Amino acid sequence: MTSNEGRPAIDFPSRIGVWWTSDAWTIGAACEVARDLERMGYGSLFYGEAYGKETLTQAGAFLNATERLVVGTGIANIHARDPIAAESGARTLTALHPGRFVLGLGISHGPLVERGRGGTYTKPLATTRDYLQRMDAVPEQVEPGVRPVRLLAALGPKMIELSGSAADGAHPYLVLPAQTAVTREALGPDKWVVSEQAVALTGVNGSTEEDALRRAHAHLEIYSGLPNYRNSWLRQGFDESDLVRGGSDRLARAVVGIGDAKTAAESLRAHLEAGADHVLVQALGDSPLDDPRPALEALAAAM
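Analysis parameters
Residues numbered from 1 in each chain as written. Predicted model: local features only at pLDDT ≥ 70, side-chain atom pairs only at ≥ 80, totals over all residues. Heavy atoms only, no water. Axes fitted to C-alpha atoms, helices over the stretch in contact; angles between N-to-C directions. Helix = DSSP H or I, 4+ residues; strand = E, 2+ residues; numbered from the N terminus. Parallel < 35°, antiparallel > 145°, perpendicular 65-115°, else oblique. Contact = heavy atoms within 4.5 Å. Buried < 20%, exposed > 50% of the residue type's maximum accessible area, 1.4 Å probe, protein only. Polar contact = N/O pair within 3.5 Å; in protein donor to acceptor, adjacent residues only side chain to side chain. Phe/Tyr/Trp six-rings, centres within 6.5 Å; stacked < 30°, edge-to-face > 60°. Core = buried A, V, L, I, M, F, W, Y, C linked by side-chain atoms within 4.5 Å.

A. Representation of the packing of helix H1 (residues 27-40) against helix H12 (residues 293-302). The N-to-C vectors of H1 and H12 enclose an angle of 10 degrees; their axes lie 10 Å apart at closest approach. For the element pair H1 / H12, the angle class is roughly parallel. Of the residues in H12, those touching H1 at Glu32, Val33, Asp36, Leu37, Arg39 and Met40 are Arg293, Leu296, Glu297 and Ala300.

Pasting the structure below:
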């Protein structure tokens, strides 16, 4: 996929990728998963950064283990490294693997930053803007002519605006297709919109709809306690009754694609139709050790 004017290219082999955090897996086993995703025809692998592996090191491992797969940080926590390290590392990966690395950046969340990392979480918008400006100040001599693709974890209108004015687009997470459409409208046609969509499949390894709904609620457990996501869901039309821990059934069924592979595939297509350039499917299991590949194989066949 080539770039539009005003945005750097990302060479996605296909419009559907995968969002999967491999912190509970050895890096060797995780690289095997990456190779299998490429074989299945997925266009990318994005992954989070909260308490576990260092994100740029992991990106290098995934890029070296594959040939065409785009690798993205979803997101690199800006409290985990200074902006010079983030920019310099991203330039290096981009120089080694042109068109295949995406630096997704995010402010993370107060509890994760302050209790998990011992940092200070304040003024998310101003902090992110200052971080990006300091990245821009890294000298040209660090990989001359190389420009990493930067996406921001953007849920609210001001952060979405910043993702257009100071980055190359947005990486919406846990949003409805309607919010993908809002993001696309705000950013216009010349910025990247890479949306995540969680799915809980039935019919894989004997999974029932009851199992799938349970996994959806377990997935939402931590997010339903974080103000950034609670406020995002309220903006998207939910109310306080939906924001119980683990989310209401209404919320779970709306933000997680629950059903067989064909039904889940429709939830991905809805984001593409809403204006996403690329959609990342997150296959939910019962624990971080669960292998996502059986569900992703079924979904790839349905797509």
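After presenting the structure, the write-up continues.
B. A look at helix H2 (residues 55-65). Counting buried residues along H2, 8 of its 11 residues qualify, which places the element largely inside the surrounding structure. Considered for burial, the residues of H2 that qualify are Thr55, Leu56, Gln58, Ala59, Gly60, Phe62, Leu63 and Ala65. Against H1, strand S2 (44-47), strand S3 (70-73), strand S4 (76-77), helix H3 (83-96) and strand S5 (101-106) lie the buried residues of H2. Of the residues that open H2, the one with a side-chain oxygen 3.1 Å from the backbone nitrogen of Leu56 is Glu54.

C. Structural view of the packing of aromatic side chains. Summed over the entire model, instances satisfying the criterion amount to 8 aromatic pairs. An aromatic cluster is defined as three or more aromatic residues linked by ring pairs; in this entry it consists of Trp19, Tyr173, Tyr223, Tyr229 and Trp233.

D. Molecular detail of the nonpolar core. Membership of the largest hydrophobic core comes to 56 residues, with the highest contact counts inside it found for Tyr42, Leu105 and Val281. Ranked by residue count, the leading element in this core is H1, at 6 residues. If we ignore the near neighbours within four places in the chain, the residues touching Leu105 are Ile75, Ala76, Ile78, Tyr131, Leu132, Met135, Arg150, Leu151, Leu152 and Ala153. In this structure, Val149, Trp192, Val255 and Ile258 belong to the second largest nonpolar core, which totals 34 residues.

E. Main features of the side chain of Thr94. Positionally, Thr94 belongs in helix H3. Contact partners of Thr94, with chain neighbours within four places excluded, come to Phe101, Val146, Arg147 and Pro148.

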